[in-house]
Number of protein chains: 2
Amino acid sequence: MIIVNTGDGKGKTTASIGQIVRALGHGFKVCLIQLFKGEVFYGEQNILTKLEGLDFFSYAKKHPYCIKGVALEQVNRECIPAMEKLAELADSPKKYDMVVLEEFNIALRDGFIDKASFLELIKKLSQKSDIVVTGRSAPMELVEMADLVAEMREIKHPYQKGIAARRGIEF
Amino acid sequence: MIIVNTGDGKGKTTASIGQIVRALGHGFKVCLIQLFKGEVFYGEQNILTKLEGLDFFSYAKKHPYCIKGVALEQVNRECIPAMEKLAELADSPKKYDMVVLEEFNIALRDGFIDKASFLELIKKLSQKSDIVVTGRSAPMELVEMADLVAEMREIKHPYQKGIAARRGIEF
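Residues numbered from 1 in each chain as written. Chains lettered and ligands numbered in written order. Predicted model: local features only at pLDDT ≥ 70, side-chain atom pairs only at ≥ 80, totals over all residues. Heavy atoms only, no water.

Concerning the sheet that holds strand β2 (residues 30-35) of chain B
For step 1, the next point in the chain: The 12 strands are arranged β3(A)-β2(A)-β4(A)-β5(A)-β1(A)-β6(A)-β6(B)-β1(B)-β5(B)-β4(B)-β2(B)-β3(B) in an open sheet whose pairing can be described as mixed. The two strands at the open ends of the sheet, each matched to only one other strand, are β3 (54-59) of chain A together with β3 (54-59) of chain B. The average angle at which neighbouring strand axes cross in this sheet is 15 degrees, direction not considered.
For step 2, the next point in the chain: With four bridges joining them, strand β4 (residues 98-102) of chain B and strand β5 (residues 130-134) of chain B adopt parallel strand pairing. Of the residues in β5(B), the one forming a bridge with B:V99 is B:I131. (Pairing = 2+ DSSP bridges. Helix = DSSP H or I, 4+ residues; strand = E, 2+ residues; numbered from the N terminus. Axes fitted to C-alpha atoms, helices over the stretch in contact; angles between N-to-C directions.)

Shown next, in the form of structure tokens:
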């Protein structure tokens, strides 16, 4: 099954963390591949790394639109091992019940990973593992391929009142 | 801060679990009060009960619209201790950084808990703890009071194709 969490509202990453915790609670094996999440410390990293049954990989920790002075070329280069990891999972015998691809929608939107290659890999991988892809701006072809798509819509957010992101809430 | 996860799509409960894991990862104290979640075993319960810093309460385990033969009167009665727990938190000195109220929107919608009393309690409690309220059909007064509201919209779901809920995905 391919699940997509997209939209401009809060809950895409937290829902994928909840999904991981739910799957691990059933004794499933889960692989989390994260992009663009290395600049601040996310509270969940502290817990996830200690849970049995989860392998956790993080690539391209800085996104150029969030962090100034990050060269696009560098991000392109840093996304290569993420795609290599995905290809390894797609081409090997089943290792995980669930594979979570955090912020891959952003990498697709911004052209850091090739859409056609990505879709081919997850199509293959989905025959043995459930896949969760998160990030706003999910490409239409991924939405079409997916079995379950949830859009997190922002109805109201403290950002709108100029309140900054808070520890334990947004990270 | 009052956060509301609502809407008809997947991700409300998993996002609140992710939010709990994120907060615990920062060393915060969290209280989870769940309604209507006792009939099936949710994978996350296995993990959450082992995490340090989380107190976990579950009331009114059966919702009459999901489980046949559950008397409304019984649900009404079983929601009383949930509201008493909430009142205890609102009236005592700060014990938790975050209080998560799972499926309380449903209890409000169906009249199992009194809306005016609930809003008064969370207004008071929000002065010392962040509050997350989940469940579809959040009442308008709660949306107005909240600082952050995310609507999980169902774009596509396997239910639509007649595929049943799966272990590790929906529970």
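More follows now that the structure is in view.
Here we look at helix α1 (residues 12-25) of chain A
Residue and element names in this part refer to chain A.
For step 1, the next point in the chain: Here α1 is 14 residues long and its end C-alpha atoms lie 20 Å apart, about the 20 Å a rise of 1.5 Å per residue gives.
For step 2, the next point in the chain: Among the 14 residues in α1, 14 count as buried, and that is most of the element.
For step 3, the next point in the chain: Backbone geometry just after α1 places G27 at a positive phi near 85 degrees. (Expected span 1.5 Å × (residues − 1). Buried < 20%, exposed > 50% of the residue type's maximum accessible area, 1.4 Å probe, protein only.)

Concerning the confidence of the model for chain A
For step 1, the next point in the chain: Put simply, chain A has an average pLDDT of 93, and 99% of its residues get 70 or more.
For step 2, the next point in the chain: Here the predicted complex scores 0.92 on pTM and 0.89 on ipTM. (pLDDT = per-residue confidence, 0-100.)

Re the interface of chain A and chain B
For step 1, the next point in the chain: The interface is formed by 49 residues belonging to chain A together with 49 residues belonging to chain B.
For step 2, the next point in the chain: Overall, the association of chain A and chain B removes approximately 4400 Å² of surface from exposure, summing both partners, and the carbon and sulfur fraction of that is 59%.
For step 3, the next point in the chain: Three residues, A:R22, A:H26 and A:K156, lead the burial of chain A against chain B; their summed loss comes to 17% of the area buried on that side.
For step 4, the next point in the chain: There are eight salt bridges connecting chain A and chain B.
For step 5, the next point in the chain: Across the salt bridge formed by A:K161 and B:D147, the nearest N and O atoms sit 3.8 Å from each other.
For step 6, the next point in the chain: Taken together, the links from chain A to chain B amount to 32 residue pairs in polar contact (both at pLDDT 80 or more).
For step 7, the next point in the chain: Looking at the side of chain A that touches chain B, the elements with two or more residues in it are α1, α2 (43-48), α6 (140-145) and β6 (148-156) of chain A.
For step 8, the next point in the chain: When residues of the side of chain A that touches chain B are assigned to their parent elements, the largest contribution, 11 residues, is made by α1(A).
For step 9, the next point in the chain: As paired strands, β6(A) and strand β6 (residues 148-156) of chain B are joined by seven bridges and run antiparallel to one another. When the sheet's bridge partners are listed, A:A150 is paired in β6(B) with B:E154. (Contact = heavy atoms within 4.5 Å. Buried area = accessible area lost by both parts, 1.4 Å probe. Salt bridge = Lys/Arg side-chain N within 4 Å of Asp/Glu carboxyl O. Polar contact = N/O pair within 3.5 Å; in protein donor to acceptor, adjacent residues only side chain to side chain.)

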